[in-house]
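Summary of structural features
Here is how the chains run, residue by residue.
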Amino acid sequence: MFLNLQHYPDTAVPTQMLVQNTLPFEEESTVFADLILPVPIPKLFTYRVSRAMSGLIKVGARVIVQFGKNRVITAVVGKLHHTPPANYQAKYVLELLDEEPLVMASQLELFRWMADYYLCTIGEVMNVALPSGLKITSQSKVQFNPDFDYAELLTEEEVGLLEEIKKHKSLSYDEVARLTEGVNVNAVIKSLVGKRAVILFEQVKEKYKPKISRKVRLTESYASAAGVNGLMKELERQPKQQEVLLRYLSFVPVQSNAGLNQKGLEKAAFTQDDNSSNSSLQTLLKNGVFEQFEVTVSRFADLPEAPAAVINLSESQQGAIRQIQDHFQDKEVVLLHGITGSGKTEVYIHMIKQALESGTQVLFLLPEIALTTQIVVRLRKVFGDKMGIYHSKFSDNERVEVWKGIIEGKFQFVVGVRSAVFLPFTNLGLIIVDEEHETSYKQFDPAPRYHARDVAVVMAYMHHGKVVLGSATPSLESYYHAQHGRYGLVEMFERYGDAALPEFLLVDIKEEKKSRKMKNEFSSVMLNYMQYNLEHNEQTILFQNRRGYSPYIQCEECDWIAQCNNCDVSLTYHMKVAELRCHYCGHKEQVPRTCPNCGSPKVKTMGFGTEKIEDELHLIYPNARVQRMDMDTTRAKNAYQQIIQDFENEQIDILVGTQMVSKGLDFGNVSVVGIFDADRMIHFPEFRASERAFQMLTQVSGRAGRRAGKPGKVLIQTHNPGQEILRWVIRNDYRTMYNTEISEREEYNYPPFSRLIKLIVKHTDRDTAQRAATTLAELLLTELGQSRVLGPEPPLVERVRNQYLFNILIKLEREKINFKAVKSFIQEKVTDILTDKTLKNVNVVVDVDSM
DNA sequence: AGCACGCCGACT
DNA sequence: GTCGGCGTGCTC
C-alpha cells in the first residue's frame, strides 16, 4: 500500500521553510538517511531524519529533500544509519512519500551493480529506472504577496507583470513568460521578489493519478429481488425512470444475484445515448433509489479473464522443454536456438506457466517492435490480467500501475521492453529474453548504457532464478558461451506444423541492369512475382532498411548535395511531408527548387528508401493496396497495430517497410518477401556487419513460406550473388556463419574474446575534440598498452548536433584482468580530461560493452 | 545535471 | 556608470 503522507498536488512548500535546517520543536533524532538523488554525482547524500519520521522511513521509499539552495527534489532512501556526517550539517528530509518501499532491496543491489559495471552513477540508473510518474517535478512558482503594501516603487514592467500574476493563483516561470511576451521575466521576477511584491514557492506534485471510475448502484433498501420488484411498481408512472432502472438491471441483474449490486455500474453507461436518461438518473439519485460512488480502477481493467488455454506441444517442443530443464540442473542460462517457425513461443508459455505455478515471478523481455504484435495477444489469452505489460508507448500512468502492481502482487508476470529490467521484482524465478541477438536491447543514450540481456543474466543470479535466451539467429556472444559450456544449448530445427522453409532467389542487379530489365529499384524477377501475387490475392512483403524517399538529393550540374547544418550527413528527402530531414539530429528544412549552389533546377533524388518504393509501387500497380511501415508511419500509439491488423485481414497487398517488417508478422498468406540493398547491410563498415546482415536477412526471410505445403519465395536483390553470407542465409546455415565469424573475432580479438569499452570524445571544435581524444588515448596507453587502446579516430559520421566526435576503443581480454581496476583507471583518466583547464567543454561518453 | 555566485563588454 | 554575458564550482 502506498500511503501518501501528504496530499499532492496541492502541497506547496514555502521557500522560507525550506531554508530552515533544524526543526525547532523537537529533539534531534539520530537517524540519518543516505539518499540516491537523480543527479550524475557519484555518491549518496546524507540527510537527517526527523524523530517523527524515523519510525516510518524505510530503505527504498521516496522522500522529498531540499538539494542546493533552491531545489526541491525527490530521492530514494539508499541506506539508513546512525552515523552523523563529520564535516557538514545534514539537512532534514522534508517529507516521506511512501510508507512502504517503492524500490526493493533487490533492485537497489541491481542498480548498484549497473552503476558500477556501466560506469555511471546510481542516480543516473534511478533516473532511468523510475517511470516519470513516480519521480517528482519541482518547479518554482510565483504568487502575488497578499501583504504587499506598494510601499516600494515599481517600474512599468514590474507593474505589468504584477498585474498578470495577481490575476492568477500561482504561475510557473514559463507561464509568466508566455503571458508577458518580450519582457525579461527572470530579472523582473527577481526584483519583484526583492521588493516583496511576489512570493516564490516550490510546488511539488505527484504526477501519477489513479484512474477514477464514477459508478452508481441501487441503495441498500432496493438491492434485492423484492426491492427491485417493489421499485418497478413504484415507478410505473415514471416510464423514463423505469427505463433507466431496466437499463441498470440489464447490466446488473440484481433480481437473480443481489450481490452484484455492490459493484454497481459506470455512470457513463447511462448517459451515452441521450440527455433525458441522464436527468432521470439524476432524479433517481436525488430520491435515494440510486447512490453514486467512486472507485479507483486499473487502467488494465478491461482485460479478459484467462481462459484455460490448452497448448498442444509438438514432440520437438516437448523435447526442448525437457532439455532446458535438464540444463537448469547445473546452469543458470540456456540459449534456445530455434529457427523461425519452430514454435519457441509455446515453449516459453510452458516455462512461464511452470515458474508461475512454483510461485515465482517471471519477466519476459522482447524488443520494442515485437511487443506490439501477436505474441502479446497470445500471452494475454493464456495469462489474462495476471500479466503486466511494460512498454514505452504506454502512458506514464500505465507504467506506474505496472510498477505498483508488481509490488502488490497483482502482476506476477510481466512482458516488457528493455527497461522492464528495472521493475520491482523480489522473487524472479525465470527471465526469458526473446530475440536475444537484437541490438535494441542495448541502451545508448542516456546513461546507464546497459544491455538488457546481460542485465537479465545478472538479475537472475541475484534472484537465484533462471534465464532462457531465445533466438533464431543467436548473437555470436551467446552462442559462444553456449558452445563453451557457460550456457546450456537447446536447438529446435523443425518448423512447427511442417511449414516448409522458403525458397530463395538471388537476383543479380548487375545482370538486370546490363540487359535493361530493371524498372527503377525493381528487378524484372521481383516485378513478375509481385504481379503474380496481385493476381492470386497473395501478399508480398518488401524490405528496405532505410526510411524516407531518398537518402540524399544532388544537383546534376554541380554535384552539390543537401547536407545537415549540424551534422556531417546528407539530408534525407521525405516526399510526403515535402521536407529534407536529418536522421541524426532531427533537423528539418524545405526542399530547394533550384540548387542553392549554382541555381540549376536539376536537383535530383539519389538512392531510395521505403517511401520511394511505396511511391513507385503506386505508379506500377495503381490498383494494388500498398502500405508502408516504418518509423514515420507508426509514430502514433496504435498505428503499428492498425497496419498489422489490416495486413492480417488481407486489406494490404504489398507491405513495404524497414526492419519493422522483420518482427512478429506471422501470416500464412505472405508468399513473397523481397529484399533490396542487401549489399549495403553486408558491407557496413563495422566488425559485426556480417553477423547483423545474416540475422536481418534470416529474420526477414522468415516472414515468407509460412503456409504448409506451399513454400514461400524470398527474393534478394544483390550486386554480388556469390557472397558467402547470402549462401549461409539461403541454406539457413547458422553454424558456418558462426564458425567463420568467430574465428575472425578471435584473430582480431573482438567480442566475445574481448570486452569493448568505447570512449566518445565530443567538442564543438574539431581540433579541441581531437586534441582531447589524443591526450586521453595517450593517458590510457600508459597503463593499458598499445594493443588495448585503439584510436582515436573519427566515426563514420564525424559531427552530430554540431559536436565533433572522436572514438577511442579499448579492448580488454576477458580473463586474467582486473576489470574493475581497469574501469576505475579509465574513469580516472576521463576525469583528468574533463577537468583539464586547457580543454574546456569537452564531453566524454563512456560506453561499456559498446555495440 | 541545475543553479548561484563572480568577473568583463554594450547600452541608458 | 549598469545590465547581463556565461565560466566555475558546489550540492548532504
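Per an unreviewed UniProt entry, chain A is named Replication restart protein PriA, and its organism is Persicitalea jodogahamensis. Under the Function (unreviewed entry) heading, UniProt states for chain A: "Initiates the restart of stalled replication forks, which reloads the replicative helicase on sites other than the origin of replication. Recognizes and binds to abandoned replication forks and remodels them to uncover a helicase loading site. Promotes assembly of the primosome at these replication forks."

Another aspect to go through is the overall build of chain A. Tallying secondary structure elements over chain A gives 27 helices and 35 strands in all. Per-residue burial for chain A yields a buried fraction of 53% across its 851 residues. For chain A, long-range pairs separated by at least 24 residues make up 75% of all intrachain contacts whose partners lie at least 6 apart in sequence.

All right, on to the protein's contact with DNA strand C then. For DNA strand C, the set of nearby residues contains 15 residues, the closest of which are Lys43, Thr46, Tyr47, Tyr88 and Lys91. Among all atoms of DNA strand C positioned within 4 Å of the protein, those belonging to sugar or phosphate total 55%. Separating a sugar or linking oxygen of DNA strand C from a backbone N or O atom of threonine 46 is a distance of 2.9 Å. Between a phosphate oxygen of DNA strand C and a side-chain N or O atom of tyrosine 47, the distance comes to 3.1 Å. Counting residues per element, the ones that place at least two in the surface near DNA strand C are β3 (45–49) and β4 (62–67). Tallied by class, the residues present in the surface near DNA strand C amount to six nonpolar, five polar and four charged.

Glancing now at the packing of helix α23 (residues 689–701) against helix α25 (residues 734–747). The N-to-C vectors of α23 and α25 enclose an angle of 165°; their axes lie 10 Å apart at closest approach. Viewed along their axes, α23 and α25 adopt a mutual orientation that is roughly antiparallel. Our pair here, α23 against α25, has a crossing hand that is left-handed. Contact residues: Ser690, Glu691 and Phe694 in α23; Tyr734, Met737, Glu741 and Arg745 in α25. Of the residues belonging to the contact of α23 with α25, the class tally is three nonpolar, one polar and three charged.

Now for the nonpolar core. Counting residues in hydrophobic clusters, the biggest one holds 119 residues, and the most contacted among them are Leu363, Leu759, Leu780 and Ile808. When residues no more than four places from it in sequence are discounted, the contact partners of leucine 363 are Val414, Ala420, Val421, Phe425, Leu428, Leu430, Ile431, Ile432 and Met459.

For the rest of this paragraph, the subject is the pattern of salt bridges. Side chains that differ in charge, positive against negative, can pair when their charged atoms come close. Scanning the model with the defined rule gives 37 salt bridges in all. The closest approach of N and O atoms between lysine 514 and glutamate 511, which form a salt bridge, is 3.8 Å. Pair noted here: lysine 514 and glutamate 511 are both in helix α18 (residues 509–514), with a separation of three residues, about one helical turn. Using a relative accessible area of 66% as the deciding quantity, one classes lysine 514 as exposed. What makes glutamate 511 partly exposed here is its relative accessible area of 45%. Where glutamate 686 meets arginine 692, a salt bridge forms, and the shortest distance between an N and an O atom there is 3.4 Å. On the basis of relative accessibility, which here comes to 27%, the residue glutamate 686 falls in the partly exposed class. Arginine 692 gets classed as partly exposed once you look at its relative accessible area, which sits at 27%.

Taking strand neighbours across the sheet as the criterion, the three strands line up as β11-β10-β12 in an open arrangement whose pairing is antiparallel. Whereas interior strands pair on both sides, the edge strands pair on one side only; in this sheet they are β11 (265–266) and β12 (290–297). Docked against the sheet, helix α9 (residues 239–251) engages β10 (211–218), β11 and β12, running at close to 115° with respect to β10.

This part takes up the protein's contact with DNA strand B. Near DNA strand B, the surroundings consist of Pro40, Ile41, Lys69, Asn70 and Arg71. Taken together, the residues that form the surface near DNA strand B break down as two nonpolar, one polar and two charged.

Glancing now at the pairing of strand β27 (residues 626–629). Walk down a regular strand and you will see the side chains alternate between the two sheet faces. Relative to strand β28 (residues 654–657), β27 runs parallel, the two sharing four bridges. Directly across from methionine 629, in β28, lies its bridge partner glycine 657. On the question of chirality, the crossover connecting β27 to the parallel β28 by way of helix α21 (residues 639–648) is right-handed.

This brings us to empty space enclosed by the protein. In this structure the tally under the stated criterion is four cavities of 30 Å³ or more. Each pocket or cavity is described by its volume, and for the largest cavity that value is around 70 Å³. His437, Glu438, Thr439, His451, Arg453, Ser475, Glu477, Arg688, Glu691, Arg692, Gln695 and Met851 are the residues that line the largest cavity. For the lining of the largest cavity, the per-class residue count stands at one nonpolar, five polar and six charged.

Another aspect to go through is the packing of helix α26 (residues 766–784) against helix α27 (residues 819–834). Viewed as axis vectors pointing N to C, α26 and α27 meet at an angle of 150°, and their least axial separation amounts to 10 Å. As α26 runs across α27, the sense of the crossing is right-handed. Taking contact as the criterion, the partners of Ala772, Thr775, Leu776, Leu779, Leu780, Thr782, Glu783 and Leu784 in α26 are, on α27, Val822, Phe825, Ile826, Lys829, Val830, Asp832 and Ile833. Of the residues in the contact of α26 with α27, the class split is 10 nonpolar, two polar and three charged.

So, on to the environment of valine 848. With respect to the secondary-structure elements, valine 848 resides in strand β35 (residues 843–848). Sequence spacing of valine 848 and tyrosine 450 is 398 residues, and the spatial spacing of their C-alpha atoms is 7.9 Å. For valine 848, the contacting residues outside a window of four places in its chain are Tyr117, Tyr118, Leu119, Lys442, Arg449, Leu756, Ile757, Phe819 and Lys823.

Glancing now at the sheet that holds strand β5 (residues 71–81). Read across the open sheet, the five strands follow the order β3-β2-β5-β4-β6; overall the sheet is antiparallel. Edge positions in the sheet fall to β3 and β6 (95–96), since each has one partner strand and no second. The pairing of strand β2 (residues 31–36) with β5 spans five bridges and is antiparallel. Bridging from a neighbouring strand, isoleucine 36 pairs with valine 76 of β5.

Within the secondary structure, lysine 637 sits in the loop between β27 and α21. Relative accessible area serves as the criterion here: at 39%, lysine 637 is assigned to the partly exposed category. The sequence separation of lysine 637 and glycine 288 amounts to 349 residues, and the corresponding C-alpha distance is 43 Å. Apart from residues no more than four positions distant in its own chain, lysine 637 is found in contact with Lys393, Phe394 and Glu398.

This brings us to the side chain of threonine 121. Mapped onto the elements of the fold, threonine 121 is located in the loop between α3 (105–117) and α4 (122–129). Residue class for threonine 121 comes out buried when judged on its relative accessible area of 7%.

Moving on: the packing of aromatic side chains. The description of an aromatic ring pair uses the distance of the two centres, along with the angle that the planes make with each other. Applying the stated criterion across every chain yields a total of 19 aromatic pairs. Relative to phenylalanine 67, the ring of phenylalanine 45 lies with its centre 5.0 Å away and its plane at 75°, an arrangement referred to as edge-to-face. One end of the pair, phenylalanine 45, is in strand β3; the other, phenylalanine 67, is in strand β4, and 22 residues separate them in sequence. No difference in accessibility class separates phenylalanine 45 from phenylalanine 67, as the two residues are buried. Taken together through their ring pairs, the aromatic side chains of Trp113, Tyr117, Tyr118 and Phe819 make up a single cluster. The aromatic ring of phenylalanine 293 is capped on one face by arginine 217, whose charged end is 3.8 Å from the ring centroid.

Calculation criteria
- Residues numbered from 1 in each chain as written.
- Chains lettered and ligands numbered in written order.
- Predicted model: local features only at pLDDT ≥ 70, side-chain atom pairs only at ≥ 80, totals over all residues.
- Heavy atoms only, no water.
- UniProt positions renumbered as here; feature names shortened; annotations may be inferred.
- Helix = DSSP H or I, 4+ residues; strand = E, 2+ residues; numbered from the N terminus.
- Buried < 20%, exposed > 50% of the residue type's maximum accessible area, 1.4 Å probe, protein only.
- Contact = heavy atoms within 4.5 Å.
- Near = heavy atom within 4 Å.
- Polar contact = N/O pair within 3.5 Å; in protein donor to acceptor, adjacent residues only side chain to side chain.
- Nonpolar A, V, L, I, M, F, W, Y, C, P; charged D, E, K, R; others polar.
- Axes fitted to C-alpha atoms, helices over the stretch in contact; angles between N-to-C directions.
- Parallel < 35°, antiparallel > 145°, perpendicular 65-115°, else oblique.
- Left-handed = near helix turned anticlockwise from the far one by under 90°.
- Core = buried A, V, L, I, M, F, W, Y, C linked by side-chain atoms within 4.5 Å.
- Salt bridge = Lys/Arg side-chain N within 4 Å of Asp/Glu carboxyl O.
- Pairing = 2+ DSSP bridges.
- Right-handed = clockwise from strand over helix to strand, strands pointing away.
- 1 Å grid on protein atoms, 1.4 Å probe; cavity = no way out; pocket = protein on both sides within 12 Å on 5 of 7 lines; lining within 4 Å.
- Points joined across faces, edges and corners; volume = space filled by probe spheres on them.
- Phe/Tyr/Trp six-rings, centres within 6.5 Å; stacked < 30°, edge-to-face > 60°.
- Lys NZ or Arg CZ within 6 Å of the ring centre and 35° of its normal.

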